[in-house]
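# Examination of the molecular architecture
Residues per chain, in single letters:
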Amino acid sequence: LSASFQLVDIKSGKTILKGQSFGRASYERFEPIYANVRAKKDARRRSAKSVAQDIKSRLEAFLASS
């Protein structure tokens, strides 16, 4: 999973911070189809949480230094 983000100043319209974040989560494949679908969905959710946490940490660090 990859995500690009931008923090934009509303008044000036200028980009203050921008970046990219990447997340990866593996999953095991099983014989039952439902188990594979569920495992893939859970892996995507874990990956999204990882990316969200990374972006949150970057924003916190940026705002703390401003």
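Residues numbered from 1 in each chain as written. Predicted model: local features only at pLDDT ≥ 70, side-chain atom pairs only at ≥ 80, totals over all residues. Heavy atoms only, no water.

## Considering the pairing of strand β2 (residues 15-22)
Direction of pairing for strand β1 (residues 2-8) relative to β2: antiparallel, over a ladder of 7 bridges. Considered in β2, the bridge of Ser4 is made with Gln20. Linking two consecutive strands that pair antiparallel, namely β1 and β2, is a turn of 6 residues; a positive phi of about 80 degrees is found at Gly13 within it. (Pairing = 2+ DSSP bridges. Helix = DSSP H or I, 4+ residues; strand = E, 2+ residues; numbered from the N terminus.)

## Description of the side chain of Ser47
One can find Ser47 in helix α1 (residues 33-65). Judged by its relative accessible area of 6%, Ser47 is buried. Among all residues touching Ser47, those that are not within four sequence positions of it are Leu1, Gly23, Arg24 and Ala25. (Buried < 20%, exposed > 50% of the residue type's maximum accessible area, 1.4 Å probe, protein only. Contact = heavy atoms within 4.5 Å.)

## Some words on the pattern of salt bridges
Inspection of the entire model under this criterion finds 3 salt bridges. Between Arg38 and Asp42 there is a salt bridge, and its shortest N-O distance comes to 3.5 Å. Here Asp42 and Arg38 lie together in helix α1, a separation of 4 residues that amounts to about one turn. Judged by relative accessible area, which is 33%, Arg38 ranks as partly exposed. Among the salt bridges present, the one from Asp54 reaches Arg58, with a minimum N-O distance of 3.3 Å. (Salt bridge = Lys/Arg side-chain N within 4 Å of Asp/Glu carboxyl O.)

## Describing α1
With 33 residues, α1 extends 49 Å between its outermost C-alpha atoms, agreeing within 8% with the 48 Å of an ideal straight helix rising 1.5 Å per residue. Turning to α1, its buried residues number three or more, namely Asn36, Ala39, Ala43, Ser47, Val51 and Ile55. Buried residues along α1 sit in contact with β1 and β2. (Expected span 1.5 Å × (residues − 1).)

## What about the side chain of Ser21?
Mapping Ser21 onto the fold places it in strand β2. At 2.7 Å, the side chain of Ser21 and the side chain of Asp54 are in polar contact. Leaving out residues up to four positions away in the same chain, Ser21 has contacts with Leu1, Ser2, Ala3, Val51, Asp54 and Ile55. (Polar contact = N/O pair within 3.5 Å; in protein donor to acceptor, adjacent residues only side chain to side chain.)

## Let's talk about the confidence of the model for the protein
Within the protein, residue pLDDT values average 95, and 100% of them lie at 70 or more. Put simply, α1 is where the protein has its lowest mean pLDDT, 95, and β1 is where it has its highest, 97. (pLDDT = per-residue confidence, 0-100.)

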